[in-house]
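One-letter residues, chain by chain:
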Amino acid sequence: MLVTRRSRVATLAACATILLATSACGDDKAKEASAQQVRLYGTDGNMLNSYPAELKERASLVDGMKGTTPLTPLPEDFKSRLKAVDPALTDYLYSAESYDAVVIAVLAAQLAGSTDPAAIAKQIVAVTNDGQRCEDPASCLALARNGQDIEYRSVSLTRAGFTDKGEPATASYATLTFDGQQINDGKTEFVGAGIESAASTKTPPKPKKQRPGGDPDQEPLKLGGLLPKTGDLAIAYPPMAAGAALAIKEVNAAGGALGKPVTWVEGDDGTNPAVAKATVAKHVTSGVSVIIGAGGSGISREVLPDVVRAGKILFSPSNTDSGLTDVEDNGLYFRTAPPDSLQGRALADVILRDGSQKIVIVARKDSYGEGLQATVRDELEKAGVAADRLKLMTYDPPADAKAPPVDFGGGAKEIKEFGADAVLIIGFGESAQVIRGLSDAGVQIRQ
């Protein structure tokens, strides 16, 4: 009995030792795993239902990813009208801004009584400020044809009009969350930004009243698309195209502008300066007055000198680079998308609410990516995040569709060594390679 009892005691002691060692080892492994876990965050270029497809068989990696985008709560009626244009639509990013850019351009031409871009440009800011309020193309066009000043409000432009610089004075941002491989609308939160008093108060030229029946010699107003049908930002094309098409449809159903139907000329920016420049040249030759685009801020920067030299208007529904506010444009550049100076605050808030301690901001190397990256960094530092707990990284986006994909293997290893618990990815469809790189480097993505 004594030997048996001693054996049991020895056995229990040995087991306890093993359990303690195993537990300690397990704790170490748990801590190590926890230290390598990161939360993913995104922006308007990748917070889309179409984005997970860029990861193909690893689409589940986006589960739990959060991000922000300029977005107002869209009325169900507006979504239904977009679906009538494109039944396959799965996202609404910049659909409202595209719709409003087209409608505002048309209303400005009607008030100017001309298709001359210089005359139209002088009325664009005025369309959104200090006049008779109207909220749809039909009622707004009726007022404009009668020579009445108007104040257009619609799906993306709800609180205040444009500033003197030709961009929204206020904005609404949405915080989006991937639940599985789809954005969960039930988790979407909205926050306002901007100052209403920043809206322009300048007096525009007096509107011209349209004579009955219109001018038979008047050329029809032509708008040209410069949207990302191809390239890294092509994932955002369907909602933007649907918004523009819906606006043209509803404007023409309301009688068009200057007594004639408005003409839409298709055009691709390719998310590529060379493609975009070629499209602009075609639009100039075909007599387009207003070019709706480009999709990416960097592309607009590249083509704007060409547009200005030709005396045309560039009106983007999706440019957010803050630097474009003061770009040399001869008064011919406008946008319905708000500048990233506003989005940066919203993004920083989302990241900090999750208690992140060490943050990496990865951006595509262009004016959009690096501009927003700098803004978010500034906002995080203002909130008390020390500079040594922030890491900024960039990558070169592919030059064109034939170029090899982004290789982020080295960057992913740096992020792992840094011990980040949050990674913000600022990019378009190509940014999926950053997520692949993180996974390949053994960084556990928190879901």
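Residues numbered from 1 in each chain as written. Predicted model: local features only at pLDDT ≥ 70, side-chain atom pairs only at ≥ 80, totals over all residues. Heavy atoms only, no water.

The protein is annotated in an unreviewed UniProt entry as Amino acid/amide ABC transporter substrate-binding protein (HAAT family) from Micromonospora taraxaci. Under the Sequence similarities (unreviewed entry) heading, UniProt states for the protein: "Belongs to the leucine-binding protein family." (UniProt positions renumbered as here; feature names shortened; annotations may be inferred.)

## Description of helix α9 (residues 340–353)
Counted at 1.5 Å a residue, the expected span for α9 with its 14 residues is 20 Å, and the 20 Å between its end C-alpha atoms agrees. Here α9 has its buried residues at Asp-340, Leu-342, Gln-343, Gly-344, Ala-346, Leu-347, Ala-348, Val-350 and Ile-351. Of the residues trailing α9, Gly-355 is marked for its positive phi of about 75 degrees. (Helix = DSSP H or I, 4+ residues; strand = E, 2+ residues; numbered from the N terminus. Expected span 1.5 Å × (residues − 1). Buried < 20%, exposed > 50% of the residue type's maximum accessible area, 1.4 Å probe, protein only.)

## Here's the deal with the state of the cysteines
One pass over the full model with this rule turns up one disulfide. Put simply, Cys-134 and Cys-140 are joined by a disulfide, and their sulfur atoms are 2.1 Å apart. Given an S-S torsion of about 115 degrees, the disulfide between Cys-134 and Cys-140 has right-handed geometry. What makes Cys-134 buried here is its relative accessible area of 5%. (Disulfide = S-S within 2.5 Å.)

## So, the UniProt feature "domain: Leucine-binding protein" (unreviewed entry) in the protein
The UniProt entry lists residues 220–444 under the feature "domain: Leucine-binding protein" (unreviewed entry), expressed in the numbering used here. As annotated, residues 220–444 comprises 41% helix and 16% strand, and the C-alpha atoms at either end are separated by 57 Å.

## Looking at the nonpolar core
Residues Phe-315 and Ile-435 are the most contacted members of the largest nonpolar core, which totals 110 residues. Per element, the largest residue contribution to this core is 12 residues, and it comes from helix α3 (residues 95–112). Discounting chain neighbours no more than four positions away, the residues touching Ile-435 are Leu-40, Tyr-51, Leu-55, Leu-61, Val-62, Met-65, Ile-425 and Ile-445. In terms of nonpolar packing, the next biggest core, distinct from the first, is built from 14 residues, Val-280, Val-288, Ile-291 and Leu-314 among them. (Core = buried A, V, L, I, M, F, W, Y, C linked by side-chain atoms within 4.5 Å. Contact = heavy atoms within 4.5 Å.)

## Thoughts on unusual backbone geometry
Cis peptide bonds are those with omega within 30 degrees of zero, and the linkage from Gly-293 to Ala-294 qualifies with -5 degrees. Of note, Ala-294 is situated in the loop between β10 (290–293) and α8 (297–309). Positive phi is not limited to glycine here, since Asn-330 has a value of about 55 degrees. Counting through the fold element by element, Asn-330 comes out in the loop between β11 (313–316) and β12 (333–335). Overall, the relative accessible area of 65% leaves Asn-330 in the exposed class.

## Side note on the confidence of the model for the protein
Averaged over every residue, the pLDDT of the protein is 91; residues scoring 70 or more account for 92%. Within the model, the stretch residues 1–26 combines pLDDT values under 50 with zero contacts to residues more than four positions away or in other chains. Across residues 28–34 the pLDDT falls below 50, and counting only partners more than four positions away or on other chains, this stretch makes one contact in the model. (pLDDT = per-residue confidence, 0-100.)

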